[in-house]
Amino acid sequence: MKRIGVLTSGGDAPGMNAAIRAVVRKALYEGMEVYGVNYGFAGLVVGDIRKLTQRDVGDMIQRGGTFLYSARYPQFATEEGQLKGIEQLKRFGIEGLVVIGGDGSYRGAKALSRHGFPCVGVPGTIDNDIPGTDYTIGFDTTINTVLDALDRIRDTATSHVRTFVIEVMGRDAGDIALWSGLASGAEQIIIPEKNFDITAVAENIREGREKGKKHSIIVLAEGVMDGKEFADKLDAIDNFHVRVTVLGHVQRGGSPTARDRVLASQLGAKAVEALKEGHGGVCVALYKEELVVRDIVETLDNMKHTPNLDLYKLNEEISN
Ligand code: ATP
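Conventions used here
Residues numbered from 1 in each chain as written. Predicted model: local features only at pLDDT ≥ 70, side-chain atom pairs only at ≥ 80, totals over all residues. Heavy atoms only, no water. Disulfide = S-S within 2.5 Å. Buried < 20%, exposed > 50% of the residue type's maximum accessible area, 1.4 Å probe, protein only. 1 Å grid on protein atoms, 1.4 Å probe; cavity = no way out; pocket = protein on both sides within 12 Å on 5 of 7 lines; lining within 4 Å. Points joined across faces, edges and corners; volume = space filled by probe spheres on them. Helix = DSSP H or I, 4+ residues; strand = E, 2+ residues; numbered from the N terminus. Nonpolar A, V, L, I, M, F, W, Y, C, P; charged D, E, K, R; others polar. Domains from an automatic or database assignment. Contact = heavy atoms within 4.5 Å. Buried area = accessible area lost by both parts, 1.4 Å probe. Salt bridge = Lys/Arg side-chain N within 4 Å of Asp/Glu carboxyl O. Polar contact = N/O pair within 3.5 Å; in protein donor to acceptor, adjacent residues only side chain to side chain. Axes fitted to C-alpha atoms, helices over the stretch in contact; angles between N-to-C directions. Parallel < 35°, antiparallel > 145°, perpendicular 65-115°, else oblique. Left-handed = near helix turned anticlockwise from the far one by under 90°.

1. Examining the state of the cysteines
Okay, so step 1: In this structure the tally under the stated criterion is zero disulfides.
Okay, so step 2: Counting only cysteine sulfurs, C283 is the nearest neighbor of C119, a cysteine outside any disulfide, at a range of 12 Å.
Okay, so step 3: The class for C283 is buried, based on a relative accessible area of 2%.

2. Description of empty space enclosed by the protein
Okay, so step 1: Throughout the structure, instances matching the rule amount to one cavity of 30 Å³ or more.
Okay, so step 2: When its volume is computed, the largest cavity comes out at roughly 60 Å³.
Okay, so step 3: As for the largest cavity, its lining consists of 13 residues, and the residues nearest its centre are I205, G208, K213, H215 and S216.
Okay, so step 4: Of all the elements, helix α7 (residues 198–210) adds the most residues to the lining of the largest cavity, at four residues.
Okay, so step 5: Of the residues assigned to the lining of the largest cavity, the class counts are two nonpolar, six polar and five charged.

3. Brief notes about the domain arrangement of the chain
Okay, so step 1: Domain annotation for the chain reports domain 1 (3–138 + 256–302) and domain 2 (141–252).
Okay, so step 2: A straight line from the C-alpha centre of domain 1 to that of domain 2 covers 34 Å.
Okay, so step 3: With 13 residues of domain 1 at the contact, the number on the domain 2 side is 12 residues.
Okay, so step 4: Interface of domain 1 and domain 2: buried area, both sides summed, is about 1,100 Å²; carbon and sulfur atoms make up 46% of it.
Okay, so step 5: For the interface between domain 1 and domain 2, the tally reads zero salt bridges.
Okay, so step 6: Scanning the region where domain 1 abuts domain 2 turns up six residue pairs in polar contact (both at pLDDT 80 or more).
Okay, so step 7: For the side of domain 1 that touches domain 2, the residue count by class is four nonpolar, four polar and five charged.

4. What to know about the packing of helix α6 (residues 175–184) against helix α11 (residues 309–318)
Okay, so step 1: It is the contact of α6 with α11, at a shortest axis distance of 10 Å, that shows an interaxial angle of 30 degrees. When the axes of α6 and α11 are compared, the pair comes out roughly parallel. As for the relative orientation of α6 and α11, their crossing is left-handed in sense. In this structure, α6 uses L178, W179, G181 and L182 to contact α11, whose residues at the interface are L311, Y312, L314, N315 and I318.
Okay, so step 2: Of the residues assigned to the contact of α6 with α11, the class counts are seven nonpolar, two polar and no charged.

The following block contains the structure:
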C-alpha cells in the first residue's frame, strides 16, 4: 500500500489531532503518502481531500478538536453515499482509509470495507463507549475536565450546604459520570447501566446531612435523563432546593492529557501498521494494556461495551 487516507468523524474528541499526527508520521516513516479528508464522510463524498505532509501535523499534538474537522452525515448510511466515497478515494489513488471516530463512524468504515475498500477504525470519542477497547481517545481528557468542574462545584456546595446535580455527557454510556464521580468523591453517581430509586437517592441526601455532610454532589449521566428533570423529582420528595449544572460542550474541548496523547499516538500508528500488513475491515484497540487489531464486523455486531461497574460499587462503599 503506497497511499492512505485519514478522516475524523462524529463528535470531536481531544486527542484526535494527536491521532492524525501519528497516522501521518508513521505512514511517512513507512514510505507511504497520506491524504487528509476534511469533514468526515461528508467531505469524502464530495472529494474534499488534500495531501498531508510532515509539517501539516506539526504543532498539533497539544491541540483539542480536529484540524481535519468533523461532521455528522447520515446520508453515508446509504449505499449511494458509500459508493460515491469509494469513487473519490480511487480518484485520489488512495488504497486504504483510517477512520477516527465513535461507533457510528465505525459503521461507516465497516460499510466501506464491505464494498472491498480497506478501512481501519480508530476509537476516538469522549464517551468511551466503543466495544472491544478499554479506553477511547478523548475520554481521559474529558473526565479530567469534568473533575475540575466538580471540584469547583464542591467548594460552593460546601459553603452553602447545598445539593447539586451535575449532568455530564456520555450519550447512552455512563463512563464519564462513573469515572469523574468516583474521582471527585461524589456522593452519588447515576448511570444508565444501573437502576436507581429516587426515594433512596433522597434518603441518602438526608442521611448525609444528619451525619454532618456539608454538601451532596450527584453526578448524573445524560443517558439517564436531563439534570432539571432529575432535580425536580428530588425536590418533589423533599424541599432540597437542588441546584443543577449542565456541563455541556466544555467537556469536549481543551488540550489532551498525556494519557490521551500517548493512546492516540499508539493507536494511530497501529492503524497504519494494520493497513501496511494488508488488513482491512478492522479496528485497533487497547485491550488489557495491549494494542490489538480486531475485526470491525465482529466488534460492532458481537461485542458490547460495559463500564467498569466495580467502580460503581466502590463509590457506593466509600462515598458516605
Ligand atoms: P460520537 O459517538 O463520539 O459522537 P460517532 O462516530 O458515534 O461519534 P455518529 O454521529 O453516530 O458519531 O456517526 C458519525 C458518522 O458516521 C455519521 O454522521 C455518518 O456519516 C457515519 N455513519 C453512522 N452510522 C452509519 C452507518 N450505519 N453506515 C454508514 N455510515 C454511518
